Amino acid sequence: MDILKIAVLSISGVLLALTLKQTKPEYSFLISMAVCSCIFLYILSKLRTALGYIGQLETLVSMDGVYLDTVLKMLGITYITQFAADVCRDAGYQAVSGQIELFAKVAVLFLSFPVLTALVQTIGEVL
């Protein structure tokens with residue numbers, strides 16, 4: 001029941017932040033940051049288990065590990081970007097949030113070039 005823990009933490013943090021928003025808005029933002037960080041760290045702890053399963057899948061399927069590593073890097077970039085952009089947006093810095101998202105899109109594009117190259121080569125070999 002991990003989702004129940006996260007839901008209770010989130011709702012408690014939001015209610016506390018809302019009560020402090022009128023008197024101490026800086027504390028409200030800090031509470032929001034603390035809740036977001038706790039959830040993100042909890043996700044990272046669960047990610048180790050998922051990486052173990054992915055390693056098992058890699059041994060079962062004859063697949064080049066470079067492609068799987070690239071996909072995992074892309075996933076990591078998207079998760080971290082979403083977290084950072086949401087925090088910036090919550091703080092009122094929409095322009096910074098947009099720049100973070102733009103940088104992530106470019107980073108994922110550059111990471112995808114080797115995979116796209118291999119795909120085109122494979123298609124060329126089939127034809």
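Rules used in this analysis
- Residues numbered from 1 in each chain as written.
- Predicted model: local features only at pLDDT ≥ 70, side-chain atom pairs only at ≥ 80, totals over all residues.
- Heavy atoms only, no water.
- Helix = DSSP H or I, 4+ residues; strand = E, 2+ residues; numbered from the N terminus.
- Rg over C-alpha atoms; globule rule 2.2 N^0.38 Å.
- Buried < 20%, exposed > 50% of the residue type's maximum accessible area, 1.4 Å probe, protein only.
- Contact = heavy atoms within 4.5 Å.
- Areas by Shrake-Rupley, 256 points an atom, 1.4 Å probe, with all protein chains shown as cover.
- Lys, Arg positive; Asp, Glu negative; His and termini not counted.
- Charge placed at Lys NZ, Arg CZ, Asp CG, Glu CD.
- Salt bridge = Lys/Arg side-chain N within 4 Å of Asp/Glu carboxyl O.
- pLDDT = per-residue confidence, 0-100.
- Phe/Tyr/Trp six-rings, centres within 6.5 Å; stacked < 30°, edge-to-face > 60°.
- Patch = residues over 30% accessible without salt bridge, like charges linked within 9 Å, V, L, I, M, F, W, Y side chains within 5 Å.

Draft legend 1. View of the overall build of the protein. Counting its secondary structure elements, the protein contains four helices and zero strands. Beginning at the N terminus, the succession of helices and strands in the protein can be written as α-α-α-α. Over its C-alpha atoms the protein spans a radius of gyration of 20 Å, topping by over 25% the 14 Å that the globule rule assigns to 127 residues. Considering only C-alpha atoms, the protein reaches an extent of 65 × 35 × 15 Å along its principal axes. The 127 residues of the protein split such that 17% are buried. Within the protein, residue pairs in contact and separated by at least 24 positions form 57% of the contacts whose partners lie at least 6 positions apart. Only carbon and sulfur atoms are counted for the fraction: they give 72% of the accessible area of the protein, which is about 9,500 Å². Side-chain charges in the protein split into 8 positive and 9 negative, and the spacing between the mean points of these groups amounts to 11 Å.

Draft legend 2. Region of interest: the pattern of salt bridges. Counted under the stated rule, the structure contains three salt bridges. Close ionic contact of lysine 46 with aspartate 2 constitutes a salt bridge, the shortest N to O distance being 3.5 Å. Separated by 44 residues along the polypeptide, lysine 46 in helix α2 (residues 25-60) and aspartate 2 in helix α1 (residues 2-21) bring together distant segments of the chain. The exposure class of aspartate 2 is partly exposed, given its relative accessible area of 31%. We note a salt bridge from aspartate 86 to arginine 89, for which the minimum N-O separation is 2.9 Å. Remark: arginine 89 and aspartate 86 occur in helix α3 (residues 65-90); sequence separation between them is three residues, near one turn of the helix. Exposure remark for arginine 89: the relative accessible area of 32% places this residue in the partly exposed category. Because the salt bridges share partners, they merge into one network encompassing Asp86, Arg89 and Glu101.

Draft legend 3. Layout of the confidence of the model for the protein. Per-residue pLDDT for the protein averages 86, and the proportion of residues at 70 or more is 97%. The element-level mean pLDDT for the protein is lowest in α2, coming to 83, with helix α4 (residues 94-126) highest at 90.

Draft legend 4. The arrangement of the packing of aromatic side chains in detail. In total, this model carries two aromatic pairs according to the counting rule given. Taken together, a centroid distance of 4.6 Å and an interplanar angle of 20 degrees make the contact between phenylalanine 40 and phenylalanine 83 stacked. Pair noted here: phenylalanine 40 is in helix α2 and phenylalanine 83 is in helix α3, with a separation of 43 residues, a long-range link. Overall, phenylalanine 83 belongs to the partly exposed group, its relative accessible area being 23%.

Draft legend 5. Representation of a nonpolar patch on the surface in the model. Taken together, the side chains of Leu102, Val106, Leu109, Phe110, Phe113, Leu116, Leu119, Ile123, Val126 and Leu127 define a hydrophobic patch exposed on the protein surface, amounting to about 1,000 Å² of accessible area. For leucine 116, the position within the fold is in helix α4. On the basis of relative accessible area, leucine 116 is assigned to the partly exposed category, the value being 43%.

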